[in-house]
Amino acid sequence: MKPSRRRVIIDTDAKNEADDQFAIVHGLLSPTFDVRGLIAAHFGTRRSDRSMEESREEIDLLLGLLDLTGKVPVANGGPTGIPDEQTPLDSPGARLIIEESKLASKGDPLFVAFLGPLTDMASAILLDPGIVNRDVVVIWIGGRGYQGYTSYPGMEFNLSNDIHAANVVFGSGMTVWQVTSDVYTKVSVSYAELDEKIGDAGPLGKYLIKQLHEWNAIHHGEPIESRSLGDSPAIALMLYPQSGALRVQPAPRFGVDGWYLPGTGNPIHVCEQIDVRFLLEDMFAKIRRFARQKSRS
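The structure contained in this document is the topic of the report that follows.

**Things to note about the environment of Gln211**
Next, step 1: By secondary structure assignment, the location of Gln211 is in helix H9 (residues 202-219).
Next, step 2: As for Gln211 and Lys15, which are separated by 196 residues in sequence, their C-alpha atoms are 9.9 Å apart.
Next, step 3: If sequence neighbours within four positions are ignored, Gln211 has contacts with Glu17, Ala18, Gln21 and Phe22.

Following this line, the structure appears as structure tokens:
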């Protein structure tokens, strides 16, 4: 019998920017997802020395807005990046991935979406090397594009927070779907669009818009009236894998500067395009539907 729902874990640096929130909500409101857990991820130490804890607090806040407090497993991930490519950071998040991977089977894989660094996946591999032989699909929002576009300044952020982890995962032979910066930065929404689509969608819609405005006001140095929901392609790919154009290529290694180096040659899938219309319209519709159902109850 074919499974009716897709088994999913979302590993998220939820308080890093203002896009994780939309991806988390979209995932939790999708009826074909059996969300086996949310993992709070760190986002380095550039803005906070307790980034993982801040991610956990944001996850808990969103669960409250969704009336899901206590109904979805939540685990803390590693508080920092791994120190080298041989040393894991044992955490409840890494252990959750390991235990759920043991339940995966052919035709019913476990999807683990990483909206930040790959710390917890690398730790799971190092703690239990057998995980690489299980039916697990790792989806990672991270790494610069392969085409040489210069739209992303400096080192890609998610990669920069744990290069060691990225090298462990990409060198492991696991099934990896990578969404690079030249793709995820194109999933933009404007203030006007958000107001029209979910501005009247109750406390949840209002919070999503408010926190996005606040992040831009604090962290964006140029005039702006939009934000890229760069983490959301991970949700779209789990909802409908054909919504992404995936190209198979040999897995690279990552240099200390974030550039690609020759790697193991294991095949990975690189997402070169995402169906943004499907992604955004499905998310907006589910947020509006939730607000209607909540108002009736």
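Text resumes after the structure shown.
**Here we look at the pairing of strand E6 (residues 175-179)**
Next, step 1: Of all five residues in E6, four are buried; the element is thus mostly enclosed.
Next, step 2: In this sheet, E6 lies alongside strand E5 (residues 136-141) in parallel orientation, the contact comprising five bridges. Residue pairing across strands places Trp140 opposite Gln178, the latter belonging to E6.
Next, step 3: Both E6 and strand E12 (residues 267-274) contribute to a ladder of three bridges, which runs parallel. Residue pairing for E12: Gln178 is matched across the bridge by Val270.

**Here's the deal with the side chain of Ser48**
Next, step 1: Topologically, Ser48 is positioned in the loop between strand E2 (33-40) and helix H2 (51-65).
Next, step 2: On the basis of relative accessible area, Ser48 is assigned to the buried category, the value being 9%.
Next, step 3: A polar contact is formed between the side chain of Ser48 and the backbone nitrogen of Arg50, at a distance of 3.0 Å.
Next, step 4: In terms of polar contacts, Ser48 uses its side chain to reach the side chain of Glu54, at 2.8 Å.

**A short note on H9**
Because the α-helix completes a turn every 3.6 residues, residues three or four places apart line up on one side.
Next, step 1: Along its 18 residues, H9 runs 26 Å from first to last C-alpha, staying within 8% of the 26 Å computed at 1.5 Å per residue.
Next, step 2: All of the buried residues along H9 are Leu204, Gly205, Tyr207, Leu208, Ile209, Gln211, Leu212, Trp215 and Asn216.
Next, step 3: Looking at the buried positions of H9, the neighbouring elements they touch are helix H1 (20-28), H2, helix H8 (191-198), strand E8 (226-228) and helix H11 (276-296).

**Section: the environment of Phe33**
Next, step 1: Mapped onto the elements of the fold, Phe33 is located in strand E2.
Next, step 2: Judged by relative accessible area, which is 2%, Phe33 ranks as buried.
Next, step 3: For the pair formed by Phe33 and Arg7, sequence separation is 26 residues and the distance between their alpha carbons is 6.1 Å.
Next, step 4: Not counting the four nearest positions on each side in its chain, Phe33 is found in contact with Arg5, Arg6, Val8, Gly27, Ile235, Met238 and Leu239.

**Details of the nonpolar core**
Next, step 1: One finds Leu28, Leu38, Ile198 and Ile287 to be the most contacted residues of the largest nonpolar core, which totals 59 residues.
Next, step 2: Considering every element that reaches this core, the biggest residue donor is H11, with seven residues.
Next, step 3: When sequence neighbours within four positions are dropped, the list of residues in contact with Ile198 reads Phe22, Gly205, Lys206, Leu208, Ile209, Phe284, Ile287 and Arg288.

Parameters at a glance
Residues numbered from 1 in each chain as written. Predicted model: local features only at pLDDT ≥ 70, side-chain atom pairs only at ≥ 80, totals over all residues. Heavy atoms only, no water. Helix = DSSP H or I, 4+ residues; strand = E, 2+ residues; numbered from the N terminus. Contact = heavy atoms within 4.5 Å. Buried < 20%, exposed > 50% of the residue type's maximum accessible area, 1.4 Å probe, protein only. Pairing = 2+ DSSP bridges. Polar contact = N/O pair within 3.5 Å; in protein donor to acceptor, adjacent residues only side chain to side chain. Expected span 1.5 Å × (residues − 1). Core = buried A, V, L, I, M, F, W, Y, C linked by side-chain atoms within 4.5 Å.

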